[in-house]
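Residues per chain, in single letters:
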Amino acid sequence: MRIEDLDYDLPPELIAQHPAARREDARLLVLDRASGALHDSRVAELGRWLRPGDALALNETKVRPARLDVRRASGGRIELLVVRPEPDPSSAAAGACLWRVLAKPAKKAAPGTALTTDDGCLTLEVVEIGEEGERVVRVVSGDLDRALEAHGRVPLPPYIHRPPEAEDRERYQTVFARVDGAVAAPTAGLHFTPGLLDALAAQGVARVPLLLHVGPGTFRPISSPDPTKHVMDEEWYEITPEAAAALSATRARGGRIVAVGTTAVRALESACDEHGGALAASRGWTRKFILPPYEFRAVDTLLTNFHLPRTTLLLLVAAVAGEDLLRRAYAHAVAGRYRFYSYGDAMLVV
């Protein structure tokens, strides 16, 4: 396929700048692959479209308050997006590590530059420039996790044109987030509340946790006319033995694996890659890129938000739904004034 095949026109006012009043208030567009039908529904009615015996695969990654303002010795200010820790081979100290960050403006963060928070609680040194222009920094003094908790800001996506507010600390996080490590939320999971999860459990829909730490590459557009030449960023994932067993048992008893979000899809399919196509426990770094045509091994149904054109996310959903049905669904959503992107409405492909 060509990268422009899934382009669509979106009025700017349909890009959600705030979440719905309540998580479950989001609308839900249901795509029925067997009939090609589109159904307008609501997230609160999700149980109507799921069956007893199904299992939700939920990404338990937790978003760090990863945007941090620092200054150079000269007083110049730099914004960091703290992506992930990396082992420091030059240090034998327990827990010592380097951190991979994105710096803005990057040209002011040359190797050897010292970067300090305004209150002096943290000092970093730039030690390396990565292949994609990212910086690697070493903690000279202080604790980066504590500095982020005290001074970091929620890393809202670039299409949300406002500074983070108090509500974002809660709403740009799933209610089942458990493991720190993401710089973007697995947004399909933002629609769930404890009450909705309990109602689905009472209906016989299981809940199975997995992990994929969402990196900044999730927002990176595909720049090549040939999408197969796009290279994904590395992201850490884990499917535990218990999760693999529970999802395999779901399939064995005739239930469906319902991936909540594209990140859950990539984690599950990455695990299958490691085991010859079979779903089994797996953990490590993945650059999994899914685009049409693709044969899914561990995903039957997908709950996802609406995605930007020319992104890996939209191509993955096209691989699940089919290109023609997806084009019709997006045209329907635009005409019906659905809300788009991270804080927007949802789509269920059954």
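Residues numbered from 1 in each chain as written. Predicted model: local features only at pLDDT ≥ 70, side-chain atom pairs only at ≥ 80, totals over all residues. Heavy atoms only, no water.

Describing the environment of G284
In step 1: In this fold, G284 is placed in strand β15 (residues 282-286).
In step 2: Between the C-alpha atom of G284 and that of S270, which follows or precedes it by 14 residues, the distance is 9.3 Å.
In step 3: Not counting chain neighbours up to four residues away, the residues in contact with G284 comprise E235, W236 and Y237. (Helix = DSSP H or I, 4+ residues; strand = E, 2+ residues; numbered from the N terminus. Contact = heavy atoms within 4.5 Å.)

Some details on the packing of helix α5 (residues 262-274) against helix α6 (residues 312-321)
In step 1: Between α5 and α6, the shortest axis-to-axis distance is 10 Å and the interhelical angle comes to 70°. On the basis of their axis angle, the class for α5 and α6 is roughly perpendicular. Mapping the contact onto sequence places T262, V265 and R266 in α5 and L313, L316 and V317 in α6.
In step 2: Classifying every residue of the contact of α5 with α6 by side-chain character gives four nonpolar, one polar and one charged. (Axes fitted to C-alpha atoms, helices over the stretch in contact; angles between N-to-C directions. Parallel < 35°, antiparallel > 145°, perpendicular 65-115°, else oblique. Nonpolar A, V, L, I, M, F, W, Y, C, P; charged D, E, K, R; others polar.)

Focus on the pairing of strand β1 (residues 27-31)
In step 1: Burial runs high along β1: four of the five residues are buried.
In step 2: As paired elements, β1 and strand β2 (residues 38-42) share five bridges and run antiparallel to each other. Its bridge partner being in β2, L31 is matched across the sheet by L38.
In step 3: With antiparallel pairing between neighbouring strands as the criterion, β1 and β2 make up a hairpin whose turn holds six residues, including G36 at a positive phi of roughly 80°. (Buried < 20%, exposed > 50% of the residue type's maximum accessible area, 1.4 Å probe, protein only. Pairing = 2+ DSSP bridges.)

Some points on the environment of P157
In step 1: You can see P157 is positioned in the loop between α1 (144-151) and α2 (166-171).
In step 2: A sequence separation of 115 residues divides P157 from R42, and the C-alpha atoms of the two residues are 24 Å apart.
In step 3: Excluding residues that lie within four positions of it along the chain, P157 makes contacts with Y172, F219 and S342.

Quick word on the pattern of salt bridges
In step 1: Within this structure, the stated rule accounts for 29 salt bridges.
In step 2: Among the salt bridges present, the one from E149 reaches R169, with a minimum N-O distance of 3.4 Å. Of this pair, E149 sits in helix α1 while R169 sits in helix α2; the two residues are 20 residues apart in sequence, bridging distant segments of the chain.
In step 3: Judged by its relative accessible area of 53%, E149 falls in the exposed class.
In step 4: Within this structure, R84, E86, R100, E134 and E234 form a network of salt bridges that share partners. (Salt bridge = Lys/Arg side-chain N within 4 Å of Asp/Glu carboxyl O.)

Thoughts on the nonpolar core
In step 1: Y172, I239, L268, L326, F340 and M347 are the most contacted members of the largest nonpolar core, which totals 69 residues.
In step 2: Apart from residues lying up to four places away in sequence, L268 is in contact with A57, L210, I239, L247, I257, L279, A298 and V299.
In step 3: Counting residues in hydrophobic clusters, the runner-up holds 21 residues, among them L28, L56, A188 and L197. (Core = buried A, V, L, I, M, F, W, Y, C linked by side-chain atoms within 4.5 Å.)

Some words on unusual backbone geometry
In step 1: Between K104 and P105 the backbone carries a cis peptide bond, its omega angle lying at 0°.
In step 2: Inspection of the secondary structure puts P105 in the loop between β7 (97-104) and β8 (114-116).
In step 3: P293 follows P292 through a cis peptide bond whose omega is -10°.
In step 4: Here P293 shows up in the loop between β15 and β16 (301-305).

Some remarks on α1
In step 1: Among the residues making up α1, those that are buried are L144, A147 and L148. The buried residues of α1 all sit within an arc of 100° when viewed along its axis, so they share a single face. Seen from the buried face of α1, the exposed residues on the opposite side, beyond 90 degrees, are R146, E149 and A150.
In step 2: Tucked into the core, α1 has its buried residues touching β5 (67-71), β6 (77-87), β7, β10 (135-141) and α2.
In step 3: The N-cap residue of α1 is D143: its side-chain oxygen and the backbone nitrogen of D145 are 3.0 Å apart. (Arc of directions from axis to C-beta. Polar contact = N/O pair within 3.5 Å; in protein donor to acceptor, adjacent residues only side chain to side chain.)

That's the geometry; what it means functionally is another story.
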